[in-house]
Amino acid sequence: MNFSLVSLLGFVALSTVTYAAVIVPGATWTDTSGNVIQAHGGGFLKIGSTYYWHGEDKAHNSGLFRAVSCYTSTDLTTWTRQNDALTPISGTNISTSSIVERPKVLFNKANSEYVLWFHSDTSNYGAAQVGVATAKTPCGPYSYRGSFRPLGAESRDMGLFQDDDAAQTAYLLYASDNNQNFKISKLDANYYNVVSQTSVLSGSTLEAPGIVKRNGVYYLFASHTSGWDPNPNKFFSASSLAGPWSSQADIAPSATRTYFSQNAFDLPINNFAIYMGDRWRPSLLGSSRYIWYPLSWSSGVPQIVHADVWIVNLAAGTYTVATGTTYEAESGIISGSATTLSDSSFSGGKAVGYLGNGGSVTINNVQGNGGAQWVALYYANGDSTWRNTTVSVNGAASVLVDQPNTGGGHVILSVPVKLNLRSGANSITFGAGQSNYAADLDKIIVYTAT
Ligand SMILES: *[C@@H]1O[C@H](CO)[C@@H](O)[C@H](O)[C@H]1NC(C)=O
Ligand SMILES: *[C@@H]1O[C@H](CO)[C@@H](O)[C@H](O)[C@H]1NC(C)=O
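These numbers come from a predicted model, not from an experiment. (Residues numbered from 1 in each chain as written. Chains lettered and ligands numbered in written order. Predicted model: local features only at pLDDT ≥ 70, side-chain atom pairs only at ≥ 80, totals over all residues. Heavy atoms only, no water.)

1. With respect to the pairing of strand E22 (residues 318-321)
Right, so step 1: Judged from the four bridges that link them, strand E21 (residues 310-313) and E22 form a sheet pairing that is antiparallel. Within the sheet, the bridge partner assigned to Trp310 lies in E22 and is Val321.
Right, so step 2: Two successive antiparallel strands, E21 and E22, enclose a turn made up of four residues, where Gly317 displays a positive phi of approximately 70 degrees. (Pairing = 2+ DSSP bridges. Helix = DSSP H or I, 4+ residues; strand = E, 2+ residues; numbered from the N terminus.)

Below you can see the structure in the form of structure tokens.
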């Protein structure tokens, strides 16, 4: 091995700061056994220094119930799968032909008991109930108590919020009345049922809710209703859960449709929170990805901080967005039917289009570290369906990267891919050897943080 002085110094400089692993929204996240994390529509709970992640196991690529999974971590990036928290019971409303979604767990201090709530439904979403189950440990397994309509009204997408008062009063947050009215209702002292309606946002058509309390202000995060498709998620604020709630405002540039994601949970850390969303893929549900970003109040209101690669430092309660090196697609070697496109939405006003189906672009002189590195592909895909692109480094076998549709116009999104780059200059080719069109490639950003 030959080390140049420059790369040796670079290595020393990096090693002086030790961080937990990076968070890469949209990448395929695996657990400590190497399996893809199956915890969609998830909920998070911190007990001591351990985080518990309960979610929907969709490995079977169907919406029907198989398991509420349970994962543990002390750093929010290294997750170990534990026993399933809840599994189907035939002859009940949580059988293998039922819908069990958006599991959320709270610890009930008075009973020293964990209480799991979830959206409990029939396969056509007609029952519109909540289900409740209890356990003495965070991962359970939980004992099913039953499913019901809270205060007799429909409940579909839901979440829970536990307040910081002495009684730790908890609330159900839910899309009700055919998803037209969004409601917040108070739970009983056991967290087994709903006792009274606290607030209703009439005609708000909200779902996928979460609440963060910060400096005495309640921030409600939710999406609107567009099925599995993403939409611009919103926030509302109020000094009381009973309202009045502020009018809705965006948490991310609306054209990005929350960077192609839907809220699942909002986790307060310290000076910030983590927006935890799902990038649903209904045709391949188990390949839906997790989209987590810092939620920052630095502007006074909660806003997602877009980051291809970022680091959470739990001890300090801070986050760091990784910086990388940008390479414009239009400065690459364009071949076949690919062409340069001009539009003000592209970085540098240009991108490369007609990639794939006979067109490709090779970006040369991409500086690498001699290892696996995250590379973000910035692209536009105006179709109503996903595209994908081949990516080949230095002529090696290509990998295929999915490119979700970005919406009308030239909306730019980014998707990550981990590539093995040699130390020094690399050539990366996009769109070669595929018969379908890839998305328009605007630029790539190469990261060194791993
Ligand atoms: C499931 O819930 C329905 C209400 O939608 C109820 O009538 C029914 O008895 C429940 N089924 C079982 C098996 O518990
Ligand atoms: C790649 O995208 C095309 C549509 O452009 C699709 O037909 C094909 O199934 C995708 N390939 C994979 C492996 O997802």
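Alright, that's what it looks like, and here's the rest.
2. Quick look at the site of ligand 2
Right, so step 1: Around ligand 2, a shell composed of Trp386, Asn388, Leu400 and Asn436 is seen.
Right, so step 2: The side chain of Asn388 places a nitrogen or oxygen atom 2.3 Å from an oxygen atom of ligand 2.
Right, so step 3: For the shell around ligand 2, the per-class residue count stands at two nonpolar, two polar and no charged. (Near = heavy atom within 4 Å. Polar contact = N/O pair within 3.5 Å; in protein donor to acceptor, adjacent residues only side chain to side chain. Nonpolar A, V, L, I, M, F, W, Y, C, P; charged D, E, K, R; others polar.)

3. A short note on the pattern of salt bridges
Right, so step 1: This structure, assessed with the given rule, holds 12 salt bridges.
Right, so step 2: One salt bridge connects Arg81 with Asp57, and the closest N-O pair in it is separated by 2.8 Å. Of this pair, Arg81 sits in strand E4 (residues 80-81) while Asp57 sits in the loop between strand E2 (50-56) and strand E3 (68-73), placing them 24 residues apart in sequence.
Right, so step 3: With relative accessibility at 28%, the residue Arg81 sits in the partly exposed group.
Right, so step 4: Judged by relative accessible area, Asp57 falls into the buried class, the value being 12%.
Right, so step 5: One network of salt bridges, in which partners are shared, links Asp57, Arg81 and Asp84. (Salt bridge = Lys/Arg side-chain N within 4 Å of Asp/Glu carboxyl O. Buried < 20%, exposed > 50% of the residue type's maximum accessible area, 1.4 Å probe, protein only.)

4. So, the UniProt feature "domain: CBM6" (unreviewed entry) in the protein
Right, so step 1: With numbering aligned to this structure, UniProt lists the feature "domain: CBM6" (unreviewed entry) at residues 325-447.
Right, so step 2: Between the C-alpha atoms that bound residues 325-447 there is a distance of 7 Å. The span itself is 0% helix and 59% strand. (UniProt positions renumbered as here; feature names shortened; annotations may be inferred.)

5. Overview of the packing of aromatic side chains
Right, so step 1: Scanning all chains against the criterion turns up 25 aromatic pairs.
Right, so step 2: For the ring pair Trp228 and Trp280, a centre distance of 5.1 Å and an interplane angle of 65 degrees mean the geometry is edge-to-face. Of this pair, Trp228 sits in the loop between strand E14 (217-224) and strand E15 (234-238) while Trp280 sits in the loop between strand E18 (272-279) and strand E19 (289-296), and the two are 52 residues apart along the sequence.
Right, so step 3: Accessibility expressed as a relative area gives 4% for Trp280, which makes it buried.
Right, so step 4: An angle of 85 degrees between the planes, with centres 5.9 Å apart, marks the rings of Tyr354 and Tyr437 as edge-to-face. On the criterion of sequence distance, the pair formed by Tyr354 in the loop between strand E26 (350-353) and strand E27 (359-368) and Tyr437 in the loop between strand E32 (424-430) and strand E33 (440-447) is long-range, its members being 83 residues apart.
Right, so step 5: Clustering of aromatic rings is evident, with ring pairs tying together Trp29, Phe44, Trp53, Tyr71, Trp79, Phe265, Tyr290 and Trp292.
Right, so step 6: Residue placement shows Arg145 over the ring face of Tyr192; its charged tip is 3.6 Å from the ring centre. (Phe/Tyr/Trp six-rings, centres within 6.5 Å; stacked < 30°, edge-to-face > 60°. Lys NZ or Arg CZ within 6 Å of the ring centre and 35° of its normal.)

6. Regarding the state of the cysteines
Right, so step 1: One pass over the structure, following the stated rule, counts one disulfide.
Right, so step 2: A sulfur-sulfur separation of 2.1 Å characterises the disulfide bridge that pairs Cys70 with Cys139. When the S-S torsion is -65 degrees, as for the bridge of Cys70 with Cys139, the disulfide is left-handed. Placement of the pair is Cys70 in strand E3 and Cys139 in the loop between strand E7 (129-135) and strand E8 (143-148), with a sequence separation of 69 residues. Of the two residues examined, Cys70 and Cys139, each falls in the buried class. (Disulfide = S-S within 2.5 Å.)

7. Digging into the site of ligand 1
Right, so step 1: Looking at ligand 1, the residues that line it are Gly91, Thr92, Asn93 and Gln129.
Right, so step 2: In the model, an oxygen atom of ligand 1 is placed 2.3 Å from a nitrogen or oxygen of the Asn93 side chain.
Right, so step 3: A distance of 3.0 Å separates an oxygen atom of ligand 1 from a polar side-chain atom of Gln129.
Right, so step 4: Relative to its free-state accessible area of 360 Å², ligand 1 is covered by the protein chains to the extent of 37%.
Right, so step 5: Residues that form the shell around ligand 1 fall into these classes: no nonpolar, four polar and no charged. (Areas by Shrake-Rupley, 256 points an atom, 1.4 Å probe, with all protein chains shown as cover.)

8. Quick word on the sheet that holds strand E16 (residues 249-250)
Right, so step 1: Across the sheet, four strands lie side by side as E13-E14-E15-E16; this open sheet has antiparallel pairing. What marks the edges here is a single partner per strand, and that holds for strand E13 (206-214) and E16.
Right, so step 2: The pairing of E15 with E16 spans two bridges and is classified as antiparallel. Bridge pairing in E16 places Lys234 opposite Asp250.

9. Things to note about the environment of Gln197
Right, so step 1: As for its position among the elements, Gln197 is in strand E12 (residues 194-201).
Right, so step 2: Classification of Gln197 as partly exposed rests on a relative accessible area of 40%.
Right, so step 3: Not counting residues up to four positions away in its chain, the partners in contact with Gln197 are Leu151, Tyr174, Lys183, Ile184 and Ser185. (Contact = heavy atoms within 4.5 Å.)

10. Concerning the nonpolar core
Right, so step 1: If you look at the biggest cluster of nonpolar residues, it comprises 41 residues, and the most contacted ones within it are Leu377, Ile428, Phe430 and Ile444.
Right, so step 2: Considering every element that reaches this core, the biggest residue donor is strand E31 (residues 413-421), with five residues.
Right, so step 3: If we skip the residues at most four places from it in the chain, Ile428 touches Val361, Thr362, Ile363, Val366, Val391, Ser392, Val393, Leu419, Leu421 and Ile444. (Core = buried A, V, L, I, M, F, W, Y, C linked by side-chain atoms within 4.5 Å.)

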